[in-house]
Amino acid sequence: MAYEINQTLPRSFGQLKNRESNVSVLGSHVRGVLASLLPRYGLLISFLVLWQVSSTRGWVNPAVFPPLNVILSALWTNLANGALLDDIAISLQRSGTAFAFAVVIGIPLGLFMGQFRLVEQALDPILQLFRQTSALALYPVFILLLGLGETSKIFVIFWATLFPVLLATIGGVKEVDQKLIEMARTYGAGAPTIFRRVILPASVPAIFVGLRLSATTALLLLIAAEMIGANKGIGFQVMNAQYNFQIPLMFGAILLLAFLGLAANALLVLLQRRLCRWSQPSR
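Only a predicted model underlies this, so the values are computations on that prediction, with no experimental measurement involved.

Cut-offs used in this document
- Residues numbered from 1 in each chain as written.
- Predicted model: local features only at pLDDT ≥ 70, side-chain atom pairs only at ≥ 80, totals over all residues.
- Heavy atoms only, no water.
- UniProt positions renumbered as here; feature names shortened; annotations may be inferred.
- Helix = DSSP H or I, 4+ residues; strand = E, 2+ residues; numbered from the N terminus.
- Salt bridge = Lys/Arg side-chain N within 4 Å of Asp/Glu carboxyl O.
- Buried < 20%, exposed > 50% of the residue type's maximum accessible area, 1.4 Å probe, protein only.
- Axes fitted to C-alpha atoms, helices over the stretch in contact; angles between N-to-C directions.
- Left-handed = near helix turned anticlockwise from the far one by under 90°.
- Contact = heavy atoms within 4.5 Å.
- Nonpolar A, V, L, I, M, F, W, Y, C, P; charged D, E, K, R; others polar.

1. Some details on the UniProt feature "transmembrane region" (unreviewed entry) in the chain
The sites that carry the UniProt feature "transmembrane region" (unreviewed entry) are, in the present numbering, residues 32-51, 58-76, 96-114, 126-148, 154-173, 194-225 and 245-271. The straight-line gap between the two end C-alpha atoms of residues 154-173 is 28 Å; of that span, 100% is helix and 0% is strand. Here residues 194-225 is 100% helix and 0% strand, with 42 Å between the C-alpha atoms at its ends.

2. Observations concerning the pattern of salt bridges
Scanning all chains against the criterion turns up three salt bridges. Where Arg94 meets Glu226, a salt bridge forms, and the shortest distance between an N and an O atom there is 2.8 Å. Note that Arg94 is positioned in helix α3 (residues 85-115) and Glu226 in helix α8 (residues 191-226), a separation of 132 residues in sequence. Across the pair Lys174 and Glu120 runs a salt bridge whose closest N-O atoms are separated by 3.0 Å. Here Lys174, found in helix α6 (residues 150-174), pairs with Glu120, found in helix α4 (residues 117-132); they are 54 residues apart in sequence, far enough to count as distant. The exposure class of Glu120 is buried, given its relative accessible area of 12%. Connected via shared salt-bridge partners are Arg94, Glu150 and Glu226.

3. What to know about the packing of α4 against α6
Taken N-terminus to C-terminus, the directions of α4 and α6 make an angle of 145 degrees; their axes are 11 Å apart at the nearest point. Considering how the two elements wind past one another, α4 and α6 form a crossing that is left-handed. Seen from α4, the contacting residues are Glu120, Leu127, Gln128, Phe130 and Arg131; seen from α6, they are Trp159, Phe163, Leu166, Leu167, Ile170 and Lys174. Residue composition of the contact of α4 with α6, by class: seven nonpolar, one polar and three charged.

Now the structure itself:
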């Protein structure tokens, strides 16, 4: 019996030591995660916690600023029963169509204008005039010309998203190092080769900056477009919930728009990292 006890005790101590080691490793891993997240998201987390606490304890009017759990519950309920799914699909179709037209028109035009100074000098004044004119101010004009249907909504989003892509592309082409172009000419490269191998790759990071700005602008203008003369869409749901005093649903729709914007930005960042690996800083 004494021999069995003597054999069991070292095993127990070994198991206890292994558990302590695992707990220590887990604790260090948790501390590492918190150390990486808190500097970036600490302020946001504090804001959300303050919102939840101040609303639940009555520091602010919960009818105007509902607790986050109530907002998330209303959002989940309307997503689960399919009430918001059609609105999401319609909103994504509107903003996606406008964004696609802005990309198809803005990038080629920006590449062309960036290479030919005379063309840029001729078109820049009118572009600056149009860029400084608010798309929302022109929305009544678009409604008069195109009607109150889908065309005017898509066009006002397209108008606002075109200029970030266009101007970023022009700036990216103009900022290409001229020494690289001269070196390519020295080695006998023609204009098409220089454009394909030098100008276009060097302009891609700046183009993605414009794409990210345009994606954000598309969602912002989407709300304004759907608040006027629409009966579907996330923007319409925001206004409809406000009119019916469904404040949790209103905040839920706004939060949903924020998530869509973050997802679009993350997708573009991921695509940029894959296409521009050469421009990423070495670690």
